[in-house]
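Fold and contact review
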Amino acid sequence: DPQQLELATSSKRKLRRFIVMDEVVDELYGSKVRRYFEENNVQHKILALPTTEETKSMDLVLNILQEVQAFSIDRRTEPIIAIGGGVCLDIVGLAASLYRRRTPYIRVPTTLLSYVDASVGAKNGVNFLQCKNKLGGYTPPVASFLDRSFIQSIPRRHISNGLGEILKMALMKHKGLFDLLKSHGKYLLDTKFQSYSDSAGRGDAALQTTRIAIETMLEELAPNLWEDDLDRLVDFGHLISPELEMRVLPSLMHGEAVNIDMAFMTYVAYARGLIAPEEKEQIIQCMRGLELPVWHGGCSWRLIQKALLERLKHSGGQPRMPLPTGLGAAEIFNDTSEETLKEAYKLWVSD
């Protein structure tokens, strides 16, 4: 906005920014970020914090808010900036939404998972009483800045973790994206989603994959930003995984838990006759190719029952179960019998 730009540059008051950065990101990129603000003559405070599922709590939110209060920001013109993975973006989003009822904030995702998932949408939150994201709200950022160069410094397992959420959108909405993952999955893992001069020969799989994943996510989220409609295809992989992820912390990452959920639901779709045997095999093989777990010992039949009961509580008394009806196509189902679920579970475990 030219008017805002003029106002900001002509103001006698020095530009000020409060930044919350994951401590690992700070070690890797903190000096670059500090240099950027110094060269642009911006007074700044960088708060480096350990942002993990285990520390994702109201205590950390209050810690951030104390520092924000001490720095004394103008909530209309000085957005809080979050630089880190999904947990960091969630925590800072909640802190910003609480400070003076709503302070603008900017998301800068630094992991593949946060790049294609947490950067999009309005949700923020923290864990509470060992329940995932039990406290939170819907406050979208004023902007998300996406830069894939951050992803080159994360471990291979974290790339695979992010591929779980990308695969979710492929299975629900986009066969072309599924084909990209099947053909280029190993290349994307090996190159850590970077674009190279030779990547034109591959149609720049990294750019295509992330763009389609984000666009399909936006298609689903934008018309239903506040989740008024509880029938959500983006819930695929999120029926059992919250219970599993919190139960086995820290052994599974978010995208891994989501993929285990998706693998089981693929068997449910197969048991219902929604997908053919070869489609089930293609999905499971694609997951393996992306180096994602397709089963976990902690995912017992009892845990599945408990997770689905929790689902009923929070989705208007219906399971609202998204299931693939083909590769890149899906529907929401409310009539899956316990017998079908048991049959799918037995087959899944034996495979």
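Keep in mind the model is a prediction, meaning the values are calculated, not measured. All chains use their own residue numbering, which begins from 1 and follows the written sequence. Given that this is a predicted model, residues contribute local features only at a pLDDT of at least 70 and side-chain atom pairs are listed and counted only at 80 or more, while totals for whole chains, interfaces and linings are drawn from all residues. Just so you know, side-chain values use all the structure's heavy atoms and leave hydrogens and water out.

1. Quick word on the side chain of E78
As for its placement among the helices and strands, E78 is situated in the loop between α3 (58-71) and β3 (80-84). For every residue, the accessible area (1.4 Å probe, protein chains only) is compared with the maximum for its type, and the residue is labelled buried under 20%, exposed over 50%, or partly exposed between those bounds. A relative accessible area of 4% means that E78 is categorised as buried. Among the polar contacts made by the side chain of E78, one reaches the side chain of R16 at a distance of 3.2 Å. Polar contacts involving the side chain of E78 include one to the main-chain amide nitrogen of D74, which spans 2.8 Å. By definition in these notes, contact holds between two residues if any of their heavy atoms fall within 4.5 Å. Excluding its chain neighbours within four sequence positions, the residues that come into contact with E78 are R13, R16, R17, S72 and I73. Numbering of helices and strands runs from the N terminus; a helix is a DSSP stretch of H or I covering at least four residues, while a strand is a stretch of E covering at least two. Residues adjacent in sequence count toward polar contacts only when both atoms are side-chain atoms; beyond that, a polar contact is any pair of N or O atoms within 3.5 Å, and within protein one must be able to donate a hydrogen and the other to accept it.

2. Topic: helix α10 (residues 254-271)
Helix span is expected to be 1.5 Å times the residue number reduced by one. Its 18 residues place the ends of α10 26 Å apart at the C-alpha level, agreeing with the 26 Å of an ideal helix rising 1.5 Å per residue. Counting buried residues along α10, 16 of its 18 residues qualify, which places the element largely inside the surrounding structure. Phi for G273, located one or two positions after α10, is positive at around 80°.

3. What about the pairing of strand β8 (residues 321-326)?
Of all 6 residues in β8, 5 are buried; the element is thus mostly enclosed. Strand pairing is defined by DSSP finding a minimum of two bridges between the two strands. Both β8 and strand β9 (residues 329-333) contribute to a ladder of 5 bridges, which runs antiparallel. Residue pairing for β9: L323 is matched across the bridge by E331. Following β8, the chain reverses through 2 residues before pairing antiparallel with β9; G328 in that reversal takes a positive phi of roughly 90°.

4. What to know about α3
Between its terminal C-alpha atoms α3 stretches 20 Å, which fits the 20 Å expected from 14 residues at 1.5 Å a residue. Those residues of α3 that sit buried are L60, V61, I64, L65, V68 and F71. Seen along its axis, α3 keeps its buried residues to an arc of 140°; they face one direction. Exposed residues lying more than 90 degrees from the buried face of α3 are D59, Q66, Q69 and A70. Of the surrounding elements, those touching the buried residues of α3 are β1 (16-22), β2 (43-49), β3, α4 (86-98) and β5 (123-128). The arc under discussion is defined with respect to the helix axis, by the directions toward the C-beta atoms.

5. Thoughts on the pairing of β3
Put simply, side chains in a regular strand alternate between the two faces of the sheet. Burial of β3 is extensive: 5 of the 5 residues sit out of reach of the surface. Side chains I80, A82 and G84 of β3 all project onto a buried face; the interleaved residues I81 and I83 project onto the opposite face, where all are buried too. Here β1 pairs with β3 via 4 bridges, running parallel. By the bridge assignment, I19 is partnered in β3 with I81. By convention, a crossover is right-handed whenever its connection, traced from the first strand over the helix to the second and viewed with the strands pointing away, goes clockwise. Handedness of the crossover is the feature at issue here: the chain leaves β3, passes through α4, returns alongside strand β4 (residues 105-109), and the resulting connection is right-handed.

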